[in-house]
Protein chains: 2
Amino acid sequence: MLERARELIHFKRFVQTEFYPSFLYTLKWLVLAIFIGLLIGSASAFFLFGLQWATDFREEHLYLIALLPVGGFLIGWVYYRFGESVVKGNNQLLEEFYNPLRTIPLRMAPLVLFGTIATHLFGGSAGREGTAVQMGGAIADQFTKWFKLKPIDRKTVITLGVAAGFASIFGTPLAGAIFALEWLMIGRVRYESILPAFLGAYVADYACADFWHAHHTHYHIPFIPDLSLANVLWIIPAGICFGLAGRLFAKATHIWSELFKQGIQYPPLRPVVGGAIVAILVYLVGTTKYIGLGVPTIMEAFDAELPWYDFLAKIGFTSLTLGAGFKGGEVTPLFYTGATLGNMLSGVIPLPMALLAGMGFVAVFSGATNTPLSCTLMGIELFGADSGVYVGLACVVAYLFSGHSGIYGSQVIGSPKH
Amino acid sequence: MLERARELIHFKRFVQTEFYPSFLYTLKWLVLAIFIGLLIGSASAFFLFGLQWATDFREEHLYLIALLPVGGFLIGWVYYRFGESVVKGNNQLLEEFYNPLRTIPLRMAPLVLFGTIATHLFGGSAGREGTAVQMGGAIADQFTKWFKLKPIDRKTVITLGVAAGFASIFGTPLAGAIFALEWLMIGRVRYESILPAFLGAYVADYACADFWHAHHTHYHIPFIPDLSLANVLWIIPAGICFGLAGRLFAKATHIWSELFKQGIQYPPLRPVVGGAIVAILVYLVGTTKYIGLGVPTIMEAFDAELPWYDFLAKIGFTSLTLGAGFKGGEVTPLFYTGATLGNMLSGVIPLPMALLAGMGFVAVFSGATNTPLSCTLMGIELFGADSGVYVGLACVVAYLFSGHSGIYGSQVIGSPKH
């Protein structure tokens, strides 16, 4: 009798101290995730439409590439004049997360949106995830002010925004949620914000893909062999190559950025010079396959033999573009680098070409951003569950071999890699 | 010129300080993973065959259930006489991981193997992952001695063994690798051992499934709707139910275990009494569906309406069986609980029955063991990539609502859940 009474009290205490707070917490973040997620998902859809327009328009009016220095000056001048407070981009989000000083200015969102569309319109080589993540972080952080959230909630809001931006731009809600948790610290995943990250990612992906019908590219790996011991052994050298490519990408961007900073004092002039070099290079190589997002080449890497140097050319074009101060992200170029490198490796490694392209697609990204789990989930969301074991180990090996730094200089190391 | 020389030195330093150590590390753990993984995968295959034999033999000779108290005494006595050093099972692995004192005795492996087969032969209600994880941990830890590994490597060896055991017993290499990283600390994933965990999981899964052809059950979710905002809202109450069920399971096992310890001083007598109660209950309810692994009922939960109380009955039978000192794991009964609870919820929640069964399958497990990412990957590996968003959020919500404890009392809290 006494026992039962005690159990009942236990149950009451559980409801009061554990269930009820969890329930309120869920409700609060559900409401916030719906607001923020719908906003960010819509911004991503708008951005994807703009990007599609800019890419199509450029391919129809190739003379625009000659104007890349002009576009560069425009971007450089606008950021110099209005964007000093947001010019650090993704690293700024990371720094605010670790060391909160002030709300991320909302202008980060329109500036990076404009800068990225302009970069792509005039033929720079860049991606889109940086833009999505920055729009996500900036939009989400406004809610800290509007809803008067506590400092601890602010970290969660930023995490939610990053998850929402990433998930909606690639159409990969699970990878987006885990990316936000994994990105913030090398070698560790923190679960404090796991529910808000999932909710934000889901709502934003829904808003972008189902409500606005923004289109995501579909990739297909027609044949995936069973996992044998020999295949495990072949994944490892492939993963090492992907990790080194990720490292090279990060290094190259960093070196170009330093060179431009040291060589040219007046910031708006940097993308002018960088844009001129890129435009001349495009003219010399005679193809536009290395500029823009490069989605057609990524898709080709899954079923046609490509020149072996494609991945190096893309690293060169992108690191030059971004190092000079153009806007965009690194991730789609990392996909490009990985898919073409995987394509090239299929001449040496006895795995199907499409599978190696898919492994490279996510693994180079894993190496450069130190987010192996998110990249594994992205591989599964894009290429199906059967690819999981291949992309998983490739991402882990690439993570291990890319060194303790990546494209985000402000990432903090949570655990050594081994 | 000077710049290039400096870059070359940089490159040399990178090779010496980063690439070469990573390469040696990979090689070392590859060799260890092949040895350990083949051994553990073979042990898992042997265990699966034994389990199949025990289950078939019992179903053909139902009078064996009347002998459950005898089987209980046998298990209790053997553990009392020879197993004092290994009786804490999974919690012992956790404790050795946090606070390494001495090598895990190899006898843990044969004892838990014998104990689990006997439990299933005589009709106890239990699982198998505890057995696999303990065999994995015990076998792997012997290599610490044989290869004279350093203390820091020992943690990695235990992680590798747990990953190998879990991966091979369920045929889910990704979930196994992440389970080992996630299980050791609530709310945090540590990447120090990420490569060894992956390699061990892959090799063991290969050995068990492809080399020994051990059979894994296949589950199928025929229809998965697109993710709408309404569906996101429906996943949440389902996840809450799964989390509470996981909590109830953990509580019930704990309460039975305490009752037996307080009520019966002589340990071998506890499973005798517990076995007698289970045997009488089986006779009274007139079905064997609540004992053993319960795989047929789990499969039924995906396509037929089941009695609403099935999940409660399974919690009762399993907590009684394990609390009394029988051996086995909790995970397959957790799958059972979740799948039948999901089946029941499909009467209230407008999602397909098979999908809810699949969500419950992994989410109750997520709540009881605090491993949401591993459970999400398991869902994807068992039910396909399309189920990912549903099982993912269900696992996260269940994790959040199961309280800060689980079936493993020795788990350390790394981060609060929110």
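1. Focus: the interface of chain B and chain A
Accessible area lost upon the coming together of the parts is a frequently used measure of interface size.
Piece 1. Each partner contributes residues to the interface: chain B has 62 residues there, and chain A has 62 residues.
Piece 2. In this assembly, chain B packs against chain A so that about 5600 Å² is buried in total across both faces, 77% of it on carbon and sulfur atoms.
Piece 3. Counting across the chain B and chain A interface gives 2 salt bridges.
Piece 4. The closest approach of N and O atoms between R247(A) and E18(B), which form a salt bridge, is 3.7 Å.
Piece 5. Those elements giving two or more residues to the side of chain B that touches chain A turn out to be α1 (2-60), α7 (173-183), β2 (188-190), α8 (194-211), α9 (229-263), α15 (372-383) and α16 (388-401) of chain B.
Piece 6. The leading source of residues in the side of chain B that touches chain A is α1(B), at 11 residues.
Piece 7. Across the side of chain B that touches chain A, the residue classes break down as 41 nonpolar, 12 polar and 9 charged.

2. Some thoughts on the nonpolar core
Piece 1. M359(A), F361(A), L393(A), M359(B), F361(B) and L393(B) are the most contacted members of the largest nonpolar core, which totals 296 residues.
Piece 2. If we ignore the near neighbours within four places in the chain, the residues touching L393(A) are V232(A), I235(A), I236(A), L195(B), F198(B), L199(B) and Y202(B).

3. A closer look at the relation of the copies chain B and chain A
Piece 1. For the pair chain B and chain A, the relating rotation is 180 degrees, the translation along its axis is 0.0 Å, and the fit reaches an RMSD of 0.0 Å. The two molecules are tied by a two-fold rotation axis, judged by turn and shift.
Piece 2. When the interface residues of chain B are mapped onto chain A, 100% of them again lie at the interface, so the same face is used by both copies.

4. A look at unusual backbone geometry
Residue and element names in this part refer to chain B.
Piece 1. Despite not being glycine, H213 shows a phi value in the positive range, around 55 degrees.
Piece 2. Despite not being glycine, N370 shows a phi value in the positive range, around 60 degrees.
Piece 3. Examined against the element boundaries, N370 turns out to sit in the loop between α14 (353-369) and α15.

5. Brief notes about the domain arrangement of chain A
All names here are of chain A.
Piece 1. Here chain A is partitioned into domain 1 (19-211) and domain 2 (229-413).
Piece 2. Using only C-alpha atoms to locate each centre, domain 1 and domain 2 end up separated by 21 Å.
Piece 3. Across the boundary between the two partners, domain 1 contributes 50 residues, which contact 48 residues of domain 2.
Piece 4. Between domain 1 and domain 2 the total buried area reaches about 4000 Å² when both faces are included, carbon and sulfur atoms providing 68% of it.
Piece 5. Of all residues in domain 1, the largest losses of buried area upon contact with domain 2 belong to S125, E182 and I186, amounting jointly to 19% of the total for that side.
Piece 6. Applying the counting rule to domain 1 against domain 2 returns 0 salt bridges.
Piece 7. One can count 16 residue pairs in polar contact (both at pLDDT 80 or more) joining domain 1 with domain 2.
Piece 8. Counted by class, the side of domain 1 that touches domain 2 contains 27 nonpolar, 17 polar and 6 charged residues.

6. Topic: the packing of aromatic side chains
Piece 1. Within the structure shown, the criterion is met by 58 aromatic pairs over all chains.
Piece 2. Geometrically, the ring pair formed by F97(A) and Y98(A) is edge-to-face, given 5.9 Å between the ring centres and 85 degrees between the ring planes.
Piece 3. Judged by relative accessible area, Y98(A) falls into the partly exposed class, the value being 24%.
Piece 4. Between F198(B) and Y202(B) the ring centres are 6.0 Å apart and the planes differ by 50 degrees, which places this aromatic pair in the tilted class. With F198(B) and Y202(B) both in helix α8 and 4 residues apart, this pair spans about one turn of that helix.
Piece 5. What makes F198(B) buried here is its relative accessible area of 1%.
Piece 6. Note on Y202(B): relative accessible area 0%, which makes it buried.
Piece 7. A network of ring pairs unites the aromatic residues F166(A), F170(A), F179(A), W183(A), Y219(A), F302(A), F335(A), F361(A), F365(A) and F383(A) as a single cluster.
Piece 8. A cation over a ring is seen here: K155(B) above F97(B), with NZ or CZ 4.8 Å from the ring centre.

7. Some remarks on the packing of helix α9 (residues 229-263) of chain A against helix α13 (residues 331-345) of chain A
Residue and element names in this part refer to chain A.
Piece 1. Between α9 and α13, whose axes approach to 10 Å, the crossing angle comes to 145 degrees. Note on packing geometry: the crossing formed by α9 with α13 is right-handed. Touching A238, C241, F242, A245 and F249 of α9 are P333, L334, T337, G338, L341, G342 and L345, all from α13.
Piece 2. The class makeup of the residues in the contact of α9 with α13 is 9 nonpolar, 3 polar and no charged.

8. Description of the pattern of salt bridges
Piece 1. Overall, the coordinates contain 14 salt bridges over all chains when judged by the stated rule.
Piece 2. Each of E96(A), D141(A) and R154(A) takes part in salt bridges that share partners, so that together they form one network.

9. Here's the deal with the layout of surface pockets
Residues and elements named next belong to chain B.
Piece 1. In this structure, the second largest pocket occupies an estimated 1200 Å³ of space.
Piece 2. In terms of lining, the second largest pocket is formed by 40 residues, of which the most central are V87, N91, S257, K261 and L322.
Piece 3. At the level of elements, α2 (68-82), α3 (90-98), α5 (129-146), α9, α10 (269-285) and α12 (310-323) are the ones that each hand at least two residues to the lining of the second largest pocket.
Piece 4. In terms of residues, the lining of the second largest pocket owes the most to one element, α9, which gives 9 residues.
Piece 5. Of the residues that constitute the lining of the second largest pocket, the class distribution is 15 nonpolar, 16 polar and 9 charged.
Piece 6. Both domain 1 (16-211) and domain 2 (229-413) contribute no fewer than three residues apiece to the lining of the second largest pocket.

Cut-offs used in this document
- Residues numbered from 1 in each chain as written.
- Chains lettered and ligands numbered in written order.
- Predicted model: local features only at pLDDT ≥ 70, side-chain atom pairs only at ≥ 80, totals over all residues.
- Heavy atoms only, no water.
- Contact = heavy atoms within 4.5 Å.
- Buried area = accessible area lost by both parts, 1.4 Å probe.
- Salt bridge = Lys/Arg side-chain N within 4 Å of Asp/Glu carboxyl O.
- Helix = DSSP H or I, 4+ residues; strand = E, 2+ residues; numbered from the N terminus.
- Nonpolar A, V, L, I, M, F, W, Y, C, P; charged D, E, K, R; others polar.
- Core = buried A, V, L, I, M, F, W, Y, C linked by side-chain atoms within 4.5 Å.
- Buried < 20%, exposed > 50% of the residue type's maximum accessible area, 1.4 Å probe, protein only.
- Least-squares fit on C-alpha atoms with pLDDT ≥ 70 in both.
- Domains from an automatic or database assignment.
- Polar contact = N/O pair within 3.5 Å; in protein donor to acceptor, adjacent residues only side chain to side chain.
- Phe/Tyr/Trp six-rings, centres within 6.5 Å; stacked < 30°, edge-to-face > 60°.
- Lys NZ or Arg CZ within 6 Å of the ring centre and 35° of its normal.
- Axes fitted to C-alpha atoms, helices over the stretch in contact; angles between N-to-C directions.
- Left-handed = near helix turned anticlockwise from the far one by under 90°.
- 1 Å grid on protein atoms, 1.4 Å probe; cavity = no way out; pocket = protein on both sides within 12 Å on 5 of 7 lines; lining within 4 Å.
- Points joined across faces, edges and corners; volume = space filled by probe spheres on them.

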